[in-house]
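# Overview (structure and organization)
One-letter residues, chain by chain:
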Amino acid sequence: MKDRAEHFPGEGRDREISESRQQMSSVPKMSIGLNFLLIICRAASFAIYFTTRFVLRYRREILEENFKNAFPDKSKAERKALIKVYYKHLGDLVVEPVLFSIVNANVKKRLATYQNKELLSKLYGENKHVILLASHHGNWEYLINLPREVDFKVYTAYTAISNAHIDSWVHNMRSKMGVEVIVKKNFYKTALSALRSPDQPALFVVIADQRPAPGSTKHSVKFLHQTTSVQIGAERLALASNAVVLYLQCEKVARFHYQYTFHLITENPAAGEPLSITKAYYEKIEQDIQADPGYWLWTHKRWKPVASLSKADPVVA
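Residues numbered from 1 in each chain as written. Predicted model: local features only at pLDDT ≥ 70, side-chain atom pairs only at ≥ 80, totals over all residues. Heavy atoms only, no water.

For the rest of this paragraph, the subject is the confidence of the model for the chain. For the chain, per-residue confidence averages 89 on the pLDDT scale, and residues scoring 70 or more make up 87% of the total. Residue range residues 310-317 is modelled with pLDDT below 50. Its contacts to residues more than four positions away, or to other chains, number 13 contacts. (pLDDT = per-residue confidence, 0-100. Contact = heavy atoms within 4.5 Å.)

Given below as structure tokens:
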């Protein structure tokens, strides 16, 4: 199986990317310096791919188990091919934050393109707050550039890293382009306050496809043929603030280049059934994974059992 996003900015996949290619082709040719930087990034990505796949066999058992359970109809050879695609993508994921922090604003716009921004403009004009549900499919680090693409004040959660130097670098990288970074333990209260404010419309980026933390109340949906414990913090925020909920689709259309598309989940969270937002979110992620299976974060123990609390948390704060 050939990786369909092998080159930058060369041949990507054919599906739904003709407009993106037209945008790329209209930009002047890359400078010698940028070409050299991309060569270095490709080499570094390959080194990471080779080391994680063949030397360290990084979380290989988890990969095999996850692909087997998520794609029971695929043959062993097909799953092996997906593992190769994933390791190559993992190499890119490690390199891409560094690349994105180095290049100028014009190149950033080429690496991360956005579709259906008109939806955001409409909601901003209506003075509505937005909860933007992203995922670990494709690249989520490029979203640090979102404040330069939309009018909203952009917020996201941040988990501190134990190494102080790495933590400082990551925090600065994620916030220097205008994203308001909130420590995760304070995120819910801070988000709820901003989403209820009559001031400038806020947009909260929530990556909600992780396994719930130990001690969380257990809620589950059907996802990739498996009963999957899920976080419902984003849905709780939506119900408590009546914010509009969007889904951000991410497609890897070329090497180091991603296309993001905004999709409406609901403008009226209270009108839906319990867990309807969470279920819709996971349905959309599954559609993206089925289209490009190798680009989700498969090396985490997504289906490890979660110990739940004895009492249920309220759905609305």
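Still more to cover.
Okay, the packing of aromatic side chains next. In the structure shown here, the tally under the stated rule is 22 aromatic pairs. Residues Phe71 and Trp298 carry aromatic rings whose centres are separated by 5.7 Å and whose planes lie at 55 degrees to one another, so their mutual orientation is tilted. Pair noted here: Phe71 is in the loop between α3 (60-70) and α4 (76-102) and Trp298 is in the segment after α10 (276-291), with a separation of 227 residues, a long-range link. Here Phe71 falls in the buried class, since its relative accessible area comes to 4%. Judged by its relative accessible area of 0%, Trp298 is buried. With a centroid separation of 5.9 Å and 15 degrees between ring planes, the pair formed by Tyr114 and Phe262 is classed as stacked. Taken together, the positions of Tyr114 in strand β1 (residues 112-115) and Phe262 in strand β9 (residues 257-266) put the pair 148 residues apart, joining distant regions of the chain. Here Tyr114 falls in the buried class, since its relative accessible area comes to 9%. The lysine or arginine in question, Lys108, covers the ring of Phe100, its NZ or CZ lying 5.5 Å from the ring centre. Here the guanidinium or amino end of Arg236 rests over the ring plane of Tyr188, the centre of that ring lying 4.7 Å away. (Phe/Tyr/Trp six-rings, centres within 6.5 Å; stacked < 30°, edge-to-face > 60°. Helix = DSSP H or I, 4+ residues; strand = E, 2+ residues; numbered from the N terminus. Buried < 20%, exposed > 50% of the residue type's maximum accessible area, 1.4 Å probe, protein only. Lys NZ or Arg CZ within 6 Å of the ring centre and 35° of its normal.)

Located in the positive-phi region is Asn127, a residue other than glycine, with phi close to 60 degrees. Structurally, Asn127 is set in the loop between α6 (117-125) and β2 (130-134). Judged by its relative accessible area of 44%, Asn127 is partly exposed. Although it is not a glycine, His225 adopts a positive phi angle of roughly 70 degrees.

A word on the sheet that holds strand β4 (residues 180-183). Ordered by their spatial adjacency, seven strands build an open sheet running β1-β9-β8-β2-β5-β3-β4, and the pairing between neighbours is mixed. In the strand order of this sheet, the two ends are held by β1 and β4, each with one partner. Across the sheet, the mean angle separating the axes of adjacent strands is 30 degrees when strand polarity is ignored. By the bridge criterion, four bridges tie β1 to β9 in an arrangement that is parallel. When the sheet's bridge partners are listed, Ala112 is paired in β9 with Tyr258. The sheet strands contacting helix α7 (residues 164-175) are β3 (153-158) and β4, and the helix crosses β3 at an angle near 160 degrees. (Pairing = 2+ DSSP bridges. Axes fitted to C-alpha atoms, helices over the stretch in contact; angles between N-to-C directions.)

Here the focus is the packing of helix α2 (residues 32-55) against α4. Contact pair α2 / α4: the axes reach a minimum separation of 8 Å and the direction vectors enclose 140 degrees. Taken as axis vectors, α2 and α4 run oblique relative to one another. α4 is crossed by α2, and the crossing has right-handed handedness. In this structure, α2 uses Leu37, Leu38, Cys41, Ala44, Ser45, Ile48, Tyr49, Thr52 and Arg53 to contact α4, whose residues at the interface are Lys84, Tyr87, Lys88, Leu90, Gly91, Asp92, Val94, Val95, Leu99 and Ile102. (Parallel < 35°, antiparallel > 145°, perpendicular 65-115°, else oblique. Left-handed = near helix turned anticlockwise from the far one by under 90°.)

Quick look at the pattern of salt bridges now. Applying the stated rule across the entire model yields eleven salt bridges. Taking the shortest distance from any N to any O, the salt bridge between Lys117 and Glu149 comes out at 2.9 Å. Taken together, the positions of Lys117 in helix α6 and Glu149 in the loop between β2 and β3 put the pair 32 residues apart, joining distant regions of the chain. Classification of Lys117 as partly exposed rests on a relative accessible area of 29%. With relative accessibility at 12%, the residue Glu149 sits in the buried group. For Lys153, the salt bridge identified is with Glu180, shortest N-O distance 3.5 Å. With Lys153 in strand β3 and Glu180 in strand β4, this pair connects stretches of sequence that are 27 residues apart. The partly exposed category is assigned to Glu180, whose relative accessible area is 36%. (Salt bridge = Lys/Arg side-chain N within 4 Å of Asp/Glu carboxyl O.)

This part takes up the pairing of β9. Both faces of the sheet carry side chains from a regular strand, because those side chains alternate between them. β9 sits mainly inside the fold: eight of its ten residues count as buried. What sits between strand β8 (residues 244-254) and β9 in their antiparallel hairpin is a turn of two residues, with Phe256 showing a positive phi close to 65 degrees.

Below, the discussion takes up the side chain of Asp209. Positionally, Asp209 belongs in the loop between β5 (202-207) and β6 (219-223). We note that Asp209 is buried and unpaired, the nearest opposite charge coming from Arg302 at a distance of 6.4 Å. Among the polar contacts made by the side chain of Asp209, one reaches the side chain of His136 at a distance of 2.7 Å. When sequence neighbours within four positions are dropped, the list of residues in contact with Asp209 reads Ser135, His136, Tyr281, Tyr282, Ile285, Trp296 and Arg302. (Lys, Arg positive; Asp, Glu negative; His and termini not counted. Polar contact = N/O pair within 3.5 Å; in protein donor to acceptor, adjacent residues only side chain to side chain.)

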